[in-house]
Amino acid sequence: MTEVHLSGLLVCADTDQASVVVDHLEQHIRLTRAEDGCLSFEVRATEDPLIWAVEERFRDAAVFAAHQARVAASEWGRVTAGVERRYEITGV
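Described below are features of the structure shown in this document.

A look at the environment of Val-92
Then comes step 1: Among the secondary structure elements, Val-92 is positioned in the segment after β4 (84-90).
Then comes step 2: Taking the C-alpha atoms as reference points, Val-92 and Ala-65, separated by 27 residues in sequence, lie 9.1 Å from one another.
Then comes step 3: Apart from residues lying up to four places away in sequence, Val-92 is in contact with Val-4, Ala-61 and Phe-64.

If you want it as structure tokens, here you go:
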């Protein structure tokens, strides 16, 4: 089993998108950290109010795929669908 690591940025186009992220981020973090196989999950604000730094670690590719599926079907996935993700993923 190879650990999966995602690192990158969540980039909002404007303050409306940033408000959506702020409003929904706490629940998204809580739900993700509770997933079986989530080793770490951090989303931190940067100096730019439209950008968040993202670091994720999952036990293996299957766990990461389950996470991605859950997120896509979640409220977070729906309300942030238009927010740009600049991610690099290793281990898949």
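Text resumes after the structure shown.
Observations regarding the pairing of strand β2 (residues 38-45)
Then comes step 1: In this sheet, strand β3 (residues 51-58) lies alongside β2 in antiparallel orientation, the contact comprising seven bridges. Bridge pairing in β3 places Glu-42 opposite Glu-55.
Then comes step 2: Linkage of β2 to β3, two consecutive antiparallel strands, is achieved through a turn of five residues.

Here we look at the pattern of salt bridges
Then comes step 1: Applying the stated criterion to the full structure yields six salt bridges.
Then comes step 2: Between Glu-3 and Arg-57 there is a salt bridge whose closest N-O contact spans 2.7 Å. Note that Glu-3 is positioned in the segment before β1 (4-11) and Arg-57 in strand β3, a separation of 54 residues in sequence.
Then comes step 3: A salt bridge links Glu-84 to Arg-86; the shortest N-O distance between them is 2.8 Å.
Then comes step 4: For Arg-86, a relative accessible area of 43% translates into the label partly exposed.
Then comes step 5: In this structure, a network of salt bridges that share partners links the residues Asp-36, Arg-59 and Asp-60.

Details of the side chain of Asp-60
Then comes step 1: If you trace the backbone, Asp-60 turns up in the loop between β3 and α2 (61-72).
Then comes step 2: Its relative accessible area of 10% is what places Asp-60 among the buried residues.
Then comes step 3: Those residues in contact with Asp-60 that lie beyond four places of it in its chain are Met-1, Thr-2 and Val-4.

Some points on α2
Then comes step 1: The terminal C-alpha atoms of α2 lie 16 Å apart, and with 12 residues this matches the ideal 16 Å at 1.5 Å per residue to within 8%.
Then comes step 2: Among all positions in α2, only Val-63, Phe-64, His-67 and Val-71 are buried. Along the axis of α2, the buried residues cluster in a sector spanning 100°; they form a single face. Of the exposed residues in α2, those oriented more than 90 degrees away from the buried face are Ala-62 and Ala-72.
Then comes step 3: Turning to α2, the residues buried within the fold contact β1, α1 (15-33), β2, β3, α3 (75-79) and β4.
Then comes step 4: Sitting at the head of α2, Asp-60 places a side-chain oxygen 3.1 Å from the backbone nitrogen of Ala-62.

Cut-offs used in this document
- Residues numbered from 1 in each chain as written.
- Predicted model: local features only at pLDDT ≥ 70, side-chain atom pairs only at ≥ 80, totals over all residues.
- Heavy atoms only, no water.
- Helix = DSSP H or I, 4+ residues; strand = E, 2+ residues; numbered from the N terminus.
- Contact = heavy atoms within 4.5 Å.
- Pairing = 2+ DSSP bridges.
- Salt bridge = Lys/Arg side-chain N within 4 Å of Asp/Glu carboxyl O.
- Buried < 20%, exposed > 50% of the residue type's maximum accessible area, 1.4 Å probe, protein only.
- Expected span 1.5 Å × (residues − 1).
- Arc of directions from axis to C-beta.
- Polar contact = N/O pair within 3.5 Å; in protein donor to acceptor, adjacent residues only side chain to side chain.

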